Amino acid sequence: MTALDLLDLDPSLTEEERQIRDVVRRLVDDRVRPYVADWYEEGRVPARELAREFGKLGLLGMHLDGYGCAGASAVAYGLACQELEAADSGVRSLVSVQGSLAMYAIWRYGSEEQKRRWLPSMATGESIGCFGLTEPDHGSDPASMATRARRDGDDWVLTGGKMWITNAPIADVAVIWARTDDGVRGFAVPMDTPGVTAREIRRKMSLRASLTGEIVLDDVRLPADAQLPEAIGLKAPLSCLTEARHGIVWGAVGAARDCLETTLAYATTRTQFGRPLAGFQLTQAKLADMAVELVKAQLLALHLGRLADAGRLRPDQVSVGKLNNVREALAIARQCRTILGANGVSGEYPVLRHANNLESVLTYEGTSEIHQLIVGQRLTGLSAFA
Ligand SMILES: Cc1cc2nc3c(=O)[nH]c(=O)nc-3n(C[C@H](O)[C@H](O)[C@H](O)COP(=O)(O)OP(=O)(O)OC[C@H]3O[C@@H](n4cnc5c(N)ncnc54)[C@H](O)[C@@H]3O)c2cc1C
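Since the structure is predicted, the reported quantities are computational estimates derived from the model, not experimental observations.

K.L.:
Can you break down the nonpolar core residue by residue, with the values?
P.N.:
Most often, soluble globular proteins keep nonpolar side chains buried together rather than apart. In this structure, Val32, Phe54, Phe131, Trp177 and Leu228 are the most contacted members of the largest nonpolar core, which totals 96 residues. For this core, the element with the most residues is helix H7 (residues 235–269), which contributes 15 residues. Grouped together as the second largest cluster of nonpolar side chains are 19 residues, Cys130, Ile165, Ala174 and Val220 included.

K.L.:
Tell me about the site of the ligand, residues and numbers included.
P.N.:
Around the ligand sit 17 residues, and of these Thr134, Ser140, Trp164, Thr367 and Glu369 come closest. Backbone polar atom of Leu133 to an oxygen atom of the ligand: 3.0 Å apart, as the coordinates give it. For the ligand, an oxygen atom lies 2.8 Å from a polar atom in the side chain of Glu369. No other element matches the three residues that strand S3 (residues 155–166) contributes to the shell around the ligand.

K.L.:
Provide a residue-level description of the pattern of salt bridges, including the pertinent values.
P.N.:
Within this structure, the stated rule accounts for 27 salt bridges. Close ionic contact of Asp316 with Arg314 constitutes a salt bridge, the shortest N to O distance being 3.0 Å. Given the relative accessible area of 13%, Asp316 is considered buried. The exposure class of Arg314 is partly exposed, given its relative accessible area of 31%. Connected via shared salt-bridge partners are Arg25, Glu83, Arg257 and Glu261.

K.L.:
Can you explain the pairing of S3? Please cite residues and give values.
P.N.:
Bridge analysis of strand S2 (residues 148–152) against S3 gives five bridges, and the strand direction is antiparallel. Looking at the pairing, Arg148 lines up with Thr159 of S3. Counting the residues in the hairpin turn of S2 and S3 gives two residues, including Gly153, whose phi is positive at 65°. With eight bridges connecting them, S3 and strand S7 (residues 212–222) associate as antiparallel partners. Bridge pairing links Ile165 to Gly213 in S7.

K.L.:
Please set out a nonpolar patch on the surface residue by residue, giving values where relevant.
P.N.:
Together, Leu6, Leu7, Val292 and Leu299 line one region of the surface with nonpolar side chains, adding up to about 330 Å² of accessible area. One can find Leu6 in the segment before helix H1 (15–31).

K.L.:
Provide a residue-level description of the packing of aromatic side chains, including the pertinent values.
P.N.:
This structure, assessed with the given rule, holds six aromatic pairs. A ring pair is formed by Trp156 and Phe187, whose centres lie 5.2 Å apart and whose planes are at 70°; its orientation type is edge-to-face. Pair noted here: Trp156 is in strand S3 and Phe187 is in strand S5 (residues 183–190), with a separation of 31 residues, a long-range link. A residue is classified by how much of its surface remains accessible, and Trp156, at 7% relative accessible area, is buried. Between Tyr266 and Tyr349 the ring centres are 5.6 Å apart and the planes differ by 90°, which places this aromatic pair in the edge-to-face class. Here Tyr266, found in helix H7, pairs with Tyr349, found in the loop between helix H9 (315–339) and helix H10 (351–363); they are 83 residues apart in sequence, far enough to count as distant. By relative accessible area, which is 26% here, Tyr349 ends up partly exposed.

K.L.:
Tell me about the environment of Gly68, and please be specific about residues and values.
P.N.:
Residue position: Gly68 is located in the loop between helix H3 (47–56) and helix H4 (74–87). Here Gly68 falls in the exposed class, since its relative accessible area comes to 64%. Spatially, the C-alpha atom of Gly68 lies 30 Å from that of Pro34, the residues being 34 residues apart in sequence.

K.L.:
Please provide a residue-by-residue account of unusual backbone geometry, values included.
P.N.:
Its identity is not glycine, yet Asn167 carries a phi of approximately 75°, on the positive side. Note on placement: Asn167 falls in the loop between S3 and strand S4 (173–180). Although it is not a glycine, Glu365 adopts a positive phi angle of roughly 60°. For Glu365, a relative accessible area of 13% gives the class buried.

What counts, and at which threshold
Residues numbered from 1 in each chain as written. Predicted model: local features only at pLDDT ≥ 70, side-chain atom pairs only at ≥ 80, totals over all residues. Heavy atoms only, no water. Core = buried A, V, L, I, M, F, W, Y, C linked by side-chain atoms within 4.5 Å. Buried < 20%, exposed > 50% of the residue type's maximum accessible area, 1.4 Å probe, protein only. Helix = DSSP H or I, 4+ residues; strand = E, 2+ residues; numbered from the N terminus. Near = heavy atom within 4 Å. Polar contact = N/O pair within 3.5 Å; in protein donor to acceptor, adjacent residues only side chain to side chain. Salt bridge = Lys/Arg side-chain N within 4 Å of Asp/Glu carboxyl O. Pairing = 2+ DSSP bridges. Patch = residues over 30% accessible without salt bridge, like charges linked within 9 Å, V, L, I, M, F, W, Y side chains within 5 Å. Areas by Shrake-Rupley, 256 points an atom, 1.4 Å probe, with all protein chains shown as cover. Phe/Tyr/Trp six-rings, centres within 6.5 Å; stacked < 30°, edge-to-face > 60°.

What follows is the structure in structure tokens.
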């Protein structure tokens, strides 16, 4: 860790931020690292148990105020995401989806009653939330979503389906986005409502320590108060994505750091041709380039976090961070794998697991291409995609 802090960034964090980071790191070292390779291999994760552990530490909805949430800063939340993803992107996804997507949607757009009903138990991890925006036929273009909500008397009736929904197989509540006669609206849908089914998506080759599901909504009747009253139009779910993307900017740094730490340790102890791998110039060139990219990604995350805490972070700036940090983290993970040789493909080392996970991170919360288009729009004033 210290060798990788090429620019002495550590002192740029406050004492409290460093403490939060270290507490999360210890929890992850204790409760996640020893087991995560097996979870990944077996394609399962004790998500409820982990959620309760994370809840005890205040990591769920950590950057939100009130209703049992910790009210931490954006930087502190980012550091928590960094430490979680240093263990596994799937475990960080559990926390991101719970806090930044499901809880944030209810916290920002819900009624007082909805907040009281859901947020305290979600903050402790007793209730699990998910966020249903993507559909089988509508991913990057959620404006064309097919899921419908129609009025029937005072009730709402939802019909449609959501795909690739993190936490769905175990969720107690889903925030579902649906088209109404007045545009897109959000609904807090208890998963035990008649007509709701969730099926786990199996055979993922990425994020295997994370539960992903398909949600089918078959004439799901909901009372009027299931609608999130303040969520008007597509900008509501997009604002939730901005929250979650900020966590990813930091999380990707954690995955990349773990790859590089693993690889540095490996390259200094493994010898070929009578000297450590780290002693070869070609290896040092790789290590140097990766360490430079890592520290640039850390600086970017910290800068965006400070902007968020000052209330000045724009969505297109988050796109800069997500685009760069995930792309570079993936490049680092792949390059680290080459230095580990055959061991690079083994689950005994975390490197290929991180690389495989980062393939999902590159795609979800807006693909790299969508973030390029958002940055392109900022630069040119022209939207190439909407
Ligand atoms: C493990 C995992 C977990 C997920 N969790 C959630 C979740 O909890 N909730 C949720 O709602 N969704 C979730 N998703 C879905 C994710 O957000 C979508 O996969 C993502 O938005 C991309 O949509 P798509 O897969 O339909 O790809 P598509 O939109 O079909 O895109 C396919 C390719 O075409 C490119 N493309 C599309 N449009 C354009 C364009 N205009 N210009 C240039 N290129 C374009 C894309 O960049 C991509 O490379 C998850 C996905 C994964 C893999």
